[in-house]
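Structural characterization, general
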Amino acid sequence: MFHKIKDIQVTDDYKLNVLFVEGQRKLYDIKALAEKYPMFNELIANSTLFKSAKIDIGGYGIVWNDELDISCDELWENGLKINSPFDGLMALRDATEMWGLNESTLRHAIMYGKFILGIDVCKFGKQWVISYESMKRVYGEPKAS
């Protein structure tokens, strides 16, 4: 299963702060990667290039140019987990994509009590947020992307 990327932030010390759609954050050190694979030294030598990092189409990695990219799996497996009170929380839309469901299916599941309001799912303004664990409890493992 791919751990798709939702957002990234680059730091001044050559690390990537990566938010995955499951609601988990990881910190990935590019310097460690450059020690193993010399082609990534270009990112250390050129901070402007490093800061130009973008999420590739579909969220399956981070790209800088045609030669430099990192897969979402590498970031997930070798990134350092950042603990946060928001771990495991995801937008309803992200949950529907991961599990291959209609948003109306989740809204009905909320309305009919499959999810506990305030514990499994909450609404902040117009945005519904649901926990990854409650989705697994009700619908099983997410569908492969």
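Residues numbered from 1 in each chain as written. Predicted model: local features only at pLDDT ≥ 70, side-chain atom pairs only at ≥ 80, totals over all residues. Heavy atoms only, no water.

As for the side chain of Asn-17
Inspection of the secondary structure assignment puts Asn-17 in strand β2 (residues 15–20). Reaching out from Asn-17, the side chain makes a polar contact with the side chain of Arg-25 at a distance of 2.7 Å. (Helix = DSSP H or I, 4+ residues; strand = E, 2+ residues; numbered from the N terminus. Polar contact = N/O pair within 3.5 Å; in protein donor to acceptor, adjacent residues only side chain to side chain.)

Some points on the pairing of β2
Counting buried positions along β2 gives 5 out of 6 residues, so the element sits mostly inside the fold. Of the strand pairs in this sheet, strand β1 (residues 5–10) and β2 are connected by 5 bridges, and their pairing is antiparallel. The partner of Asp-7 across the bridge, within β2, is Leu-19. Counted between consecutive antiparallel strands, the loop separating β1 from β2 contains 4 residues, among which Tyr-14 sits at a positive phi close to 60°. Connecting β2 to the antiparallel partner strand β3 (residues 25–29) that follows it, the hairpin turn spans 4 residues, and Gly-23 within it adopts a positive phi of roughly 95°. (Buried < 20%, exposed > 50% of the residue type's maximum accessible area, 1.4 Å probe, protein only. Pairing = 2+ DSSP bridges.)

Observations concerning the sheet that holds strand β8 (residues 89–91)
With antiparallel pairing, 3 strands are arranged side by side in an open sheet as β8-β10-β9. Strands with a single pairing partner mark the edges of an open sheet, and in this sheet they are β8 and β9 (121–124). Between one strand and the next, the sheet's axes are offset by a mean angle of 30°, whatever the strand orientation. In this structure, β9 lies alongside strand β10 (residues 127–131), joined through 4 bridges in antiparallel fashion. Across the sheet, the residue bridging to Phe-124 is Gln-127, located in β10. (Axes fitted to C-alpha atoms, helices over the stretch in contact; angles between N-to-C directions.)

Some remarks on the pairing of β3
Burial along β3 is one-sided: the residues Lys-26 and Tyr-28 are buried and none of Arg-25, Leu-27 and Asp-29 is. Of the pairings in the sheet, the one linking β3 to strand β7 (residues 80–82) comprises 3 bridges and is antiparallel in character. The residue bridging Lys-26 from the neighbouring strand is Lys-81, located in β7.

Regarding the pattern of salt bridges
This model, assessed by the stated rule, comprises 7 salt bridges. Between Asp-13 and Lys-15 there is a salt bridge, with its nearest N and O atoms 3.7 Å apart. Note on Lys-15: relative accessible area 24%, which makes it partly exposed. Linking Arg-93 and Glu-97 is a salt bridge whose minimum nitrogen-to-oxygen distance equals 3.7 Å. Here the residue Arg-93 and the residue Glu-97 both occupy positions in helix α5 (residues 92–99), the gap between them amounting to 4 residues, near one helical turn. With relative accessibility at 55%, the residue Arg-93 sits in the exposed group. Residue Glu-97 is classed as partly exposed on the basis of its relative accessible area of 46%. (Salt bridge = Lys/Arg side-chain N within 4 Å of Asp/Glu carboxyl O.)

Section: helix α7 (residues 132–139)
Every buried residue of α7 is accounted for by Tyr-132, Ser-134 and Met-135. Down the axis of α7, the buried set is contained in an arc of 160°. They therefore lie on one face. Where α7 is buried, its residues meet β8, α5, α6 (103–111) and β10. Where α7 ends, the next residue or the one after it, Gly-140, has phi of about 80°, a positive value. (Arc of directions from axis to C-beta. Contact = heavy atoms within 4.5 Å.)

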